[in-house]
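Secondary and tertiary structure notes
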Amino acid sequence: MKPSSYNYKAIVKSVYDEDTCTVDIDLGLHTWIKDEKLRLNRINAPEITGKQKNSGVKSRDFLRSIILDKTVFIQTVKDKKEKYGRYLAEIWIINEKEQLMNVNDLMVNKGFAKYQKY
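Residues numbered from 1 in each chain as written. Predicted model: local features only at pLDDT ≥ 70, side-chain atom pairs only at ≥ 80, totals over all residues. Heavy atoms only, no water.

Before going further, it helps to examine the overall build of the chain. Looking only at helices and strands, the chain features two helices and eight strands. When its helices and strands are written in sequence order, the chain yields β-β-β-β-α-β-β-β-α-β. Computed over C-alpha atoms, the radius of gyration of the chain comes to 14 Å, within 12% of the 13 Å expected from 2.2 N^0.38 for 118 residues, which places it in the range of a compact globule. Per-residue burial for the chain yields a buried fraction of 41% across its 118 residues. In the chain, 55% of the contacts between residues at least 6 apart in sequence involve partners at least 24 apart. Summed over its atoms, the accessible surface of the chain is roughly 7400 Å², and 51% of this surface lies on carbon and sulfur atoms. Side-chain charges of the chain comprise 22 positive and 16 negative groups, with the mean position of each set lying 5 Å from the other. (Helix = DSSP H or I, 4+ residues; strand = E, 2+ residues; numbered from the N terminus. Rg over C-alpha atoms; globule rule 2.2 N^0.38 Å. Buried < 20%, exposed > 50% of the residue type's maximum accessible area, 1.4 Å probe, protein only. Contact = heavy atoms within 4.5 Å. Areas by Shrake-Rupley, 256 points an atom, 1.4 Å probe, with all protein chains shown as cover. Lys, Arg positive; Asp, Glu negative; His and termini not counted. Charge placed at Lys NZ, Arg CZ, Asp CG, Glu CD.)

Structure (structure tokens):
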């Protein structure tokens, strides 16, 4: 994880689309931020509307299957929000081998998204 970012434990409350989720963030010392919207950093996935709808729904459903209602680790880009006010974030899960796995990279590796710079 990069030192110029902030790292937190969070619970994923909803997955709106293929690259947006809502989380409750544990800041430590019994302090939580509720219902914070995050945009997965560095990736772009098909939209759930329009011509890309079928691919977008598959992408969203895959993301839901791996993070919804689960505890994850998030890494936010320092003070950076995108044009819709969502924090840009890397999302990490612990895989079956007890290793940290980057969800953003997994979305690309599984063909559900592409890398994109913002």
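There is more to say after this.
Once that is clear, we can look at the environment of Q99. Mapped onto the fold, Q99 is located in the loop between β6 (87–94) and β7 (100–102). With near-sequence residues (within four places) excluded, Q99 lies in contact with I93 and I94.

Next up on the list: the nonpolar core. Within the largest apolar cluster, 24 residues are counted, with the highest numbers of intra-cluster contacts made by C21, L63, I67, V72, I91, V103 and M107. The set of elements that each furnish at least two residues to this core consists of β1 (5–17), β2 (20–28), β3 (31–40), α1 (53–67), β5 (71–81), β6 and α2 (103–109). With sequence-adjacent residues up to four places away left out, I67 is seen in contact with V12, V15, C21, V72, I91, I93 and V103. (Core = buried A, V, L, I, M, F, W, Y, C linked by side-chain atoms within 4.5 Å.)

Before going further, it helps to spend a moment on unusual backbone geometry. The phi dihedral of D35 falls on the positive side, at around 55 degrees, and the residue is not glycine. Take D35: it is sitting in strand β3. Given the relative accessible area of 54%, D35 is considered exposed.

Let us now look at the environment of K9. Residue placement: K9 occurs in strand β1. Distance from K9 to L27, taken between C-alpha atoms, is 7.6 Å for residues 18 residues apart in sequence. Other than its neighbours up to four places away in sequence, K9 contacts D24, I25, D26, T71, V72 and F73.

Another point: the pairing of β1. Along any regular strand, the residues point their side chains to alternate faces of the sheet. One ladder, built from seven bridges, connects β1 with β2; its direction is antiparallel. Paired with A10 across the strands is I25, a residue of β2. As consecutive antiparallel partners, β1 and β2 are separated by two residues. (Pairing = 2+ DSSP bridges.)

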